[in-house]
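So you can see what is in the structure, the chains are spelled out below.
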Amino acid sequence: MPTHPALSIGVLVSTLVLLPRAARAELRRSMLFADMAVGTHDATLTVADRTTDEHWNAGVALEAGYTRTLRAPWFGLTFLGRYGVWADGWSSFAGERRTRFDLWVAPEFRHRFGTYGLAPTLSIAAGFGPTLARIAAAPHRSVRESYGTGFGLNTGARTTLTARPFGAHGILLLAQYSLHVTLIRHRIAASTEPGLTSSELYRFVDRQLLLGAGYLVEF
Amino acid sequence: LGPADTRIESKPPRLSAGWWCALAVLVVNDHVLKGSGLLPGVVTGKLSDVAGLLVAPVLVAVALRLRTPRSKLVAVVLVVLAFGAIKLSLQAARFVEAGFAALGIPWRLWVDPTDLVALAVLPLTGWLLRAREDSRSRGALQRLGIVLGALSCLATSYQRFHGSRVLMNSTHDTLELAVYRSSVPIDCDAAETDAESSLPASAFVLERCATFGPYDMLSLDPPDVLERDDERECEAVVVAGAGLPPVAIFWSDPVIRSFERGRDGGEDYQLSVFRIGERLHVEPVPTVTLWQLHGELEPDDCGGAP
């Protein structure tokens, strides 16, 4: 037994508080989290046989998700909803506002470094899901222009580092790489030449690297 | 620094009269002098950077209420690092532009290493950061200064083009167009009345091939317009390219103006070329006469021309 009183108290607290908490943590099978991530993306736009590249653009995303442990402690399944803005040089010049909503489901593999205290956990997940995209056409253009609703797929890998300084509550740091393929109908008509119209399918392929941080709660 | 100086330096910086002067120079330069022809573009460009390096670090220090010399130095270093990055790296400039665009703030940045000469003004910036508390600088005035300074810094870097009429590339593609100009003096009065009859295809000869990227602008004036002494009363050009049937454009009042890159529409002197399916289409503005040119033009060697 420790002889120093402070050490004795520490051991007592650990025994009475942290160990049961850690034990409960082992039993917690669900986690809710929310985070914000920012980063860069490259995009390629293909229209018919024309292709345009946009490099070094910005991406911002708000995410919320749920992770369910299936094989404790190392394996689970993550469901994620992501709302993001994908601006590129062209859209910022034109004044287009591009947003999208992703759903994502992924098996997640975890490794927990230690059982007590912060219990930092490294997770790696890779999955896919559907994407819903909206583009608000630029105002003030001298042509009549509109976009339909865009549909697509997103896939990617995501790694998170979580820590639980507040018991069941904690923080997470994340890095994720994702690939989006989005199809969206673009319609344009000349203002001064009646009959000159076009309706084309735009295909955006963009690759995004995001870094972020968020908050989690286990139950 | 002596004890008295330390006491002064430990107070949050104020927006001094010198700072307000720098802000005035920034605003006047960006919104009056640029494009006015009163000063060369290279002068207004550098003046903008000099004034910006006086305004921005102090603005950061005041907005964040930085008190110690070290924290003020950090503010200066951060501004200088950001300034250096966007002046040296296209990727950094694009990244900052796109980041602001994601927030709904359009910002244009020039990548030009020669702009780093403006760093010579930093000793003056340091002097502005040492400004004593000024009883006349009330809180409301400080807040007004912060807002005005932030707006001025954001508005300072629009890329500008000059011409009496410009054609903006509103497509996603880099375009290569052939520009033809009248080889004989134009009878402006006759063209004003009936441009299509006065300016047949045979009147135009190839002047240049022009390549310009998405949201770049192409001046429709002669390339040497700024050096020419002759008084022009009107101008006429033909532009043609792959997907763009020859389009003739005639206009009077060819006064050189300044245009901001990326400002689409709402300009009486700025035409735009759009892609509509496989075709390119030039959308006219009220200050020009535009028509599809019939007749044979001189063949050209421009890569994108038909």
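In case you missed it, the structure is sitting above this.
These remarks concern the structure in this document. Keep in mind that this is a model prediction, so the values were computed, not measured.

1. Side note on the overall build of chain A
No. 1: Check the secondary structure of chain A and you find two helices and nine strands.
No. 2: In chain A, the succession of helices and strands from N to C terminus is α-β-β-β-α-β-β-β-β-β-β.
No. 3: Expressed as a percentage of the 219 residues in chain A, the buried residues total 46%.
No. 4: For chain A, the proportion of contacts with a sequence separation of at least 24, taken over those separated by at least 6, is 65%.
No. 5: Surface accessibility of chain A: about 10800 Å² in total, with carbon and sulfur atoms responsible for 70%.

2. Quick notes on the pattern of salt bridges
Residue and element names in this part refer to chain A.
No. 1: Considering all chains together, one arrives at 14 salt bridges over all chains under this definition.
No. 2: Across the pair arginine 50 and glutamate 200 runs a salt bridge, and its minimum N-O distance is 3.3 Å. Here glutamate 200 lies in strand E9 (residues 197-218) and arginine 50 lies in strand E2 (residues 50-71), a separation of 150 residues in the sequence.
No. 3: With relative accessibility at 13%, the residue arginine 50 sits in the buried group.
No. 4: A relative accessible area of 12% places glutamate 200 in the buried class.
No. 5: What emerges from the salt-bridge pattern is a single network uniting Asp35, Glu63, Arg82, Asp102 and Arg158.

3. Thoughts on the pairing of strand E2 (residues 166-169) of chain B
All names here are of chain B.
No. 1: Burial along E2 is two-sided: the residues Val166 and Met168 and Leu167 and Asn169 are all buried.
No. 2: As judged from the three bridges shared by E2 and strand E5 (residues 217-219), these two strands associate in the antiparallel manner. By the bridge assignment, valine 166 is partnered in E5 with serine 219.
No. 3: As paired elements, E2 and strand E9 (residues 270-276) share four bridges and run parallel to each other. Paired with asparagine 169 across the two strands is valine 273, which belongs to E9.

4. Description of the state of the cysteines
Residue and element names in this part refer to chain B.
No. 1: With the rule as written, the count across this model stands at one disulfide over all chains.
No. 2: For cysteine 188, the disulfide goes to cysteine 234, at an S-S distance of 1.9 Å. Across the S-S bond of cysteine 188 and cysteine 234 the torsion is about -80 degrees, and the bridge reads as left-handed. Here cysteine 188, found in helix H8 (residues 188-193), pairs with cysteine 234, found in strand E6 (residues 234-241); they are 46 residues apart in sequence, far enough to count as distant.
No. 3: Taking relative accessible area as the criterion, cysteine 188 reaches 13% and is therefore assigned buried.

5. Let's talk about the sheet that holds E2 of chain B
All names here are of chain B.
No. 1: Pairing is mixed in the open sheet, where four strands are placed in the order E5-E2-E9-E10. Either end of the sheet is taken by a strand with one partner, and the two such strands are E5 and strand E10 (279-283). Looking at each pair of strands side by side, their axes are set apart by 25 degrees on average, direction ignored.
No. 2: Judged from the five bridges that link them, E9 and E10 form a sheet pairing that is antiparallel. Residue pairing for E10: valine 273 is matched across the bridge by valine 282.

6. Concerning unusual backbone geometry
No. 1: For the bond from alanine 72 of chain A to proline 73 of chain A, the omega torsion is -5 degrees, close enough to zero to count as cis.
No. 2: We note that aspartate 253 of chain B has phi near 55 degrees; this positive angle belongs to a residue other than glycine.
No. 3: With respect to the element layout, aspartate 253 of chain B can be found in the loop between strand E7 (244-252) and strand E8 (257-260).

7. Looking at the sheet that holds E7 of chain B
Sheet strands pair by backbone hydrogen bonding; their relative direction is either parallel or antiparallel.
All names here are of chain B.
No. 1: The five strands lie next to each other as E4-E3-E6-E7-E11, forming an open sheet whose pairing is antiparallel. Where the open sheet ends on each side, the last strands, each with one partner, are strand E4 (204-212) and strand E11 (289-292). If you compare each strand with its neighbour and ignore which way they point, the axes differ by 25 degrees on average.
No. 2: As defined by bridge partners, strand E3 (residues 175-182) adjoins E6 across five bridges and the pair is classed as antiparallel.

8. Some remarks on the environment of glycine 163 of chain B
All names here are of chain B.
No. 1: By the element assignment, glycine 163 lies in strand E1 (residues 160-163).
No. 2: Among the residues examined, glycine 163 registers a relative accessible area of 1% and is labelled buried.
No. 3: As for glycine 163 and valine 225, which are separated by 62 residues in sequence, their C-alpha atoms are 8.7 Å apart.
No. 4: In this view, glycine 163 contacts Ser219, Asp221, Val255, Ile256, Arg257 and Phe259; residues no more than four positions away in its chain are not counted.

Cut-off values and rules
Residues numbered from 1 in each chain as written. Chains lettered and ligands numbered in written order. Predicted model: local features only at pLDDT ≥ 70, side-chain atom pairs only at ≥ 80, totals over all residues. Heavy atoms only, no water. Helix = DSSP H or I, 4+ residues; strand = E, 2+ residues; numbered from the N terminus. Buried < 20%, exposed > 50% of the residue type's maximum accessible area, 1.4 Å probe, protein only. Contact = heavy atoms within 4.5 Å. Areas by Shrake-Rupley, 256 points an atom, 1.4 Å probe, with all protein chains shown as cover. Salt bridge = Lys/Arg side-chain N within 4 Å of Asp/Glu carboxyl O. Pairing = 2+ DSSP bridges. Disulfide = S-S within 2.5 Å. Axes fitted to C-alpha atoms, helices over the stretch in contact; angles between N-to-C directions.

Read these as spatial facts, not as claims about activity.
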